[in-house]
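One-letter residues, chain by chain:
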Amino acid sequence: MKLQVAAGSPPEVRVAVADFLVYEAELLDDRRFEDWLELFTPDITYEAPIRVTRKAPHPTIVDDISFFDENLHSLTLRVRRLRTDVAWAEDPPSHTRRFVTNIRTRPAEVEEELEVRSSLMLFRSRGDLGAYDLIVGDRHDRLRAVDGELRIARRRILFDQSSLGTKNLGVFL
Amino acid sequence: MRVGTDITSRLSDTVQPELGRIPMFIYSDPDVYQLELERIFGRAWLFVAHESELPAAGDFVVREMGEQSVIVGRGDDATVRVFLNSCRHRGMRLACEDFGSVEMWRCPYHGFSYGSKGEFLGTFIGAPYEHVAYPGGLDREALHLIEARVGTYRGLIFATWDDDAQPLEEFLGNVRWYLDLLFGRAEMEVVGVPQKWVIPCGWKLPAENFAADAYHTATAHAFLARLGMVDSVAFGRDGYHVDPGNGHGLGIGVHDDAGSYYPAELQAEYASRLDPAQLKMLGRVKNLHGNVFPNMSFLQPNFIEVDGRRVSGIMLRAWQPAGPGRVQVYSWHLVERNGPDWWKRLGRRMYVQTFGMSGMFDQDDTENWEAQTRNATTSLTRRDEVMLHYAMGLDGGPPIADFPGPGDVYDGKFSEAAGRTFYRTWLDLLLEEPQ
């Protein structure tokens, strides 16, 4: 077991991180957006750069522009918008289910912080004909312990499509 | 007159733009779509890229003209050319990535290779065997890549398959004066790469929305007023509706505040590139949206406050048809290359938050376009034609006489005049037999 500890984080840390990310997914699927905002530190940066199709060995991520470029203020604005009666794209709301897997945790260079990488699959269904979209990506989070509670200080979402197959990003990831 | 009727007869009988009547079936009809690919996307000037995406010789991007994949590349002579992305030997794609930089195009199938001017160079990997396989030699001229005609205006690169098409400047016509305000006012550059995604809707719905629909903002984007981000829904009305002709269309939102909303650092560059009337108009612009026929849309969104400063980030769009009810969206963000850092940083953030794929405005539009397209398919089998209402402005006043820019300009943005011209241009092209 010593080897495992040396290679990553202690089991109790990994369990706490997994529980935290699953709890976050529950808040979003249950549309408890205000509670979800509580999970972020005030200095959160929430971004989603653009995946491109390139020949190897070129990088497939372009950082100069993104799908999300958010701070706590703009995330709060998005949530306030969703709570109006004119947020047409998500009212009636999509039926969503978030699957968080492949969670890897390692200490960050800053004490009290963790680098966490996870895979996210978001199932999103609207309307009829059995139609649904899958939004899949690689998430890189920086988690910080604040008064003994885990909080998200940075999130970077890397989508696994260079042309996304959902009509808008009216959902959080 | 309905089911089984020849498609061109049905179109000429039912599409009545001048009366403000458009039949719903045209949004999603497969026969209409095939005609559009042949007679509009097969011969109109189409936007493919911005020059700043190809800074050096050998740089290329892969785009579409209609459903056809094309390579937009800067040759070793610095000229931008557009080629069908298809090997002359067996039709394999030559460029299989979104963008890149190469010295030659080499087909991954049999090695047929092409220089940056589209010239056939040989079958490189198989070179030792070429004289064995083709003892009589290959006709190099006949193997030149299929090349489109290219024109550029203010950094915007357009291409057409029609060698007899009118010159690009003539096709753009009056809309040039207004394109100058966004793309000619300074040295502009694309930031990064376009966002790309798929919307299940017909390509005309977003195009006409940008050309001639200021009225939807009060409802579709009502959250702005609801959250106190604008004083009232009047931001959608105050300004001008412009019908420049040739199927293009735009709306300009203006303010009467003292001073311009644009950065002081850029005023000298603006003044050096715009004429005095354009410069004066730019100073009043608080939003500007439009569409260049058929499928290039542009937008300077309404200025809003981001992180304490009033900014607006330019957006450019291409609605690439990908089936009768399917569009692949390209969404670029552009900014003044010499702009101050805060303008670039906050303008990019503003673009992403309001009008990118996650944009708080964009989301609601996509919901409408999809549901309209779905409904349109029901009209394919109904015995009576379902006519839609495009009459806003028909009972309004004439164009104003003293506006500094060209085209038919109406006071107030609430008019669908340019939408009617969009469908008139569209119909005329669909009914015109190829030469």
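If you're wondering where the values come from, they're calculated on a predicted model, not measured in any experiment.

What counts as what
Within every chain, residues take consecutive numbers counted from 1 along the sequence as written. Chains and ligands are labelled by the order in which they are written, letters from A for the one and numbers from 1 for the other. Reporting in this predicted model follows two pLDDT cut-offs: at least 70 for local features of residues, and 80 or more for side-chain atom pairs to be given and counted; totals over whole chains, interfaces and linings ignore these cut-offs and use all residues. Secondary structure is summarised from DSSP: a helix means a run of H or I of at least four residues, a strand means a run of E of at least two, and numbering begins at the N terminus for each. Radius of gyration here is computed from C-alpha atoms only, and the compact-globule reference equals 2.2 Å multiplied by the residue count raised to the power 0.38. Burial is judged by counting the other C-beta atoms within 10 Å of a residue's own C-beta: 20 or more makes it buried, 12 or fewer makes it exposed, and any count in between marks it as partly exposed, with every C-beta position built from the backbone. Any residue pair is listed as a contact if its two C-beta atoms, each placed from the backbone, are within 7 Å. For this scheme, ten residues count as nonpolar: Ala, Val, Leu, Ile, Met, Phe, Trp, Tyr, Cys and Pro. Four count as charged, namely Asp, Glu, Lys and Arg, and the remainder, Gly too, count as polar. A domain assignment, automatic or from a database, supplies the domain bounds used here. To estimate how far a helix should reach, multiply one less than its number of residues by 1.5 Å. Residues of type Ala, Val, Leu, Ile, Met, Phe, Trp, Tyr and Cys that are buried and joined through C-beta atoms within 7 Å form what is called a nonpolar core. Lines fitted to the C-alpha atoms define the axes, with helices restricted to the stretch that makes contact. Angles between their N-to-C directions range from 0 to 180 degrees. Relative orientations are named as follows: roughly parallel for angles under 35 degrees, roughly antiparallel for angles over 145 degrees, roughly perpendicular for angles from 65 to 115 degrees, and oblique for any other angle. Helix crossings get a hand from a simple test, with the near helix turned counterclockwise from the far one by less than a right angle marking a left-handed crossing and a clockwise turn marking a right-handed one. The pairing criterion for strands is at least two bridges between them, as found by DSSP. Each residue carries a pLDDT value, the predictor's own confidence for that position, ranging from 0 to 100. What the arc describes is the spread of directions from the helix axis to the C-beta atoms.

## Let's talk about the overall build of chain B
The secondary structure content of chain B amounts to 13 helices and 23 strands. Taken over C-alpha atoms, the radius of gyration comes to 23 Å for chain B, in line with the 22 Å a tight globule of 435 residues would show. The C-alpha extent of chain B, read off along each of the three principal axes, is 75 × 60 × 35 Å. Across the 435 residues of chain B, 49% fall into the buried class. The contacts in chain B between residues at least 6 apart in sequence include a share of 66% that link residues at least 24 apart.

## What to know about the overall build of chain A
From N to C terminus, chain A includes four helices and six strands. In sequence order, the secondary structure elements of chain A are arranged as α-α-α-β-β-α-β-β-β-β. Its C-alpha radius of gyration of 17 Å places chain A within 12% of the 16 Å reference for a compact globule of 173 residues. Residues counted as buried form 31% of the 173 residues belonging to chain A.

## Regarding the interface of chain A and chain B
Chain A puts 29 residues into the contact, and the matching count from chain B is 33 residues. Looking at the side of chain A that touches chain B, its residues break down into 12 nonpolar, nine polar and eight charged.

## With respect to the domain arrangement of chain B
All names here are of chain B. Examined at the domain level, chain B breaks down into domain 1 (46-152) and domain 2 (174-431). Centre-to-centre separation of domain 1 and domain 2, based on C-alpha positions: 34 Å. Listed per partner, the contact involves nine residues of domain 1 and 12 residues of domain 2. The residue inventory of the side of domain 1 that touches domain 2, partitioned by class, reads two nonpolar, three polar and four charged.

## Quick look at helix α11 (residues 341-354) of chain B
One turn of the α-helix equals 3.6 residues, which is why residues spaced by three or four share an orientation. Between its first and last C-alpha atoms α11(B) spans 20 Å; for 14 residues at 1.5 Å apiece the expected length is 20 Å, and the two agree. Burial analysis of α11(B) places 10 of its 14 residues in the buried class, the great majority of the element. Residues of α11(B) that are buried make contact with β2 (61-70) and α4 (72-82) of chain A together with β18 (304-306), β19 (309-311), β20 (314-321) and β21 (327-336) of chain B.

## Here we look at the nonpolar core
Core analysis: the biggest nonpolar cluster contains 141 residues, and Leu46(B), Phe47(B), Val48(B), Val70(B), Ile71(B), Val72(B) and Phe158(B) have the highest contact counts within it. If one sorts the elements of this core by residue count, helix α5 (residues 175-184) of chain B sits on top with six residues. Counting the residues that make up this core, at least three belong to each of domain 1 (46-152) and domain 2 (174-431) of chain B. For Leu46(B), the contacting residues outside a window of four places in its chain are Phe41(B), Met65(B), Phe158(B), Ala159(B) and Thr160(B). Listed in part, the eight residues of the second largest apolar core include Ala87(A), Ala220(B), Leu224(B) and Met360(B).

## A look at the packing of helix α6 (residues 204-212) of chain B against helix α13 (residues 417-431) of chain B
Residues and elements named next belong to chain B. Where α6 meets α13, the axes come as close as 8 Å, and the angle between the chain directions of the two elements is 140 degrees. With respect to α13, the element α6 is oriented oblique. Helix-helix and strand crossings are classified by hand; for α6 and α13 the assignment is right-handed. Contacts from Glu208, Ala211 and Ala212 in α6 reach Ala418, Gly419 and Phe422 in α13. Among the residues forming the contact of α6 with α13, the class breakdown is four nonpolar, one polar and one charged.

## Some words on the pairing of strand β9 (residues 120-123) of chain B
All names here are of chain B. As paired elements, strand β8 (residues 112-114) and β9 share three bridges and run antiparallel to each other. Following the sheet pairing, Tyr114 is matched in β9 by Phe120. Between β8 and β9, which follow one another and run antiparallel, lie five residues, and Gly118 among them has a positive phi close to 90 degrees.

## With respect to the confidence of the model for chain A
The pLDDT averaged across chain A works out to 94; a share of 95% of its residues lies at or above 70. Note on residues 1-6 of chain A: pLDDT under 50 across the span, and one contact to partners over four residues away in sequence or across chains.

## Description of the packing of α6(B) against helix α12 (residues 362-378) of chain B
Residues and elements named next belong to chain B. Viewed as axis vectors pointing N to C, α6 and α12 meet at an angle of 130 degrees, and their least axial separation amounts to 10 Å. It follows from the interaxial angle that α6 and α12 lie oblique. For the crossing formed where α6 meets α12, the hand is right-handed. Residue-level inspection shows Leu205, Pro206 and Asn209 of α6 in contact with α12, the latter providing Asp365, Trp369, Gln372 and Thr373.

## With respect to the sheet that holds strand β5 (residues 80-84) of chain B
Residues and elements named next belong to chain B. Pairing within the open sheet is antiparallel, and its seven strands lie in the order β2-β11-β10-β5-β4-β3-β6. Every interior strand has two partners, whereas the edge strands, β2 (46-50) and β6 (99-101), have only one. On average, adjacent strands in this sheet sit at an angle of 30 degrees to one another, irrespective of strand direction. Relative to β6, strand β3 (residues 59-65) runs antiparallel, the two sharing three bridges.

## Some details on helix α2 (residues 30-39) of chain B
Buried residues of α2(B): Val32(B), Tyr33(B) and Glu36(B), and no others. Projection of α2(B) onto a plane perpendicular to its axis shows the buried side chains occupying an angular sector of 100 degrees, all on one side.

## As for the environment of Ala133(B)
Positionally, Ala133(B) belongs in helix α3 (residues 127-133). C-alpha of Ala133(B) to C-alpha of Ser312(B): the two residues are 179 residues apart in sequence and 60 Å apart in space.

## A short note on the sheet that holds β9(B)
Across the sheet, three strands lie side by side as β7-β8-β9 (chain B); this open sheet has antiparallel pairing. The strands lining the two open edges of the sheet, one partner per strand, are β7 (105-106) and β9 of chain B.

## Some thoughts on unusual backbone geometry
Residue Pro57(A) is bonded to the preceding Ala56(A) through a cis peptide linkage, with omega at 5 degrees. In this structure, Pro294(B) follows Phe293(B) across a cis peptide bond, with omega equal to 0 degrees. Structurally, Pro294(B) is set in the loop between β16 (285-292) and β17 (296-300). For Glu112(A), which is not a glycine, the phi torsion comes out positive at approximately 70 degrees. Considering the arrangement of structural elements, one finds Glu112(A) in the loop between β3 (95-107) and β4 (113-125).

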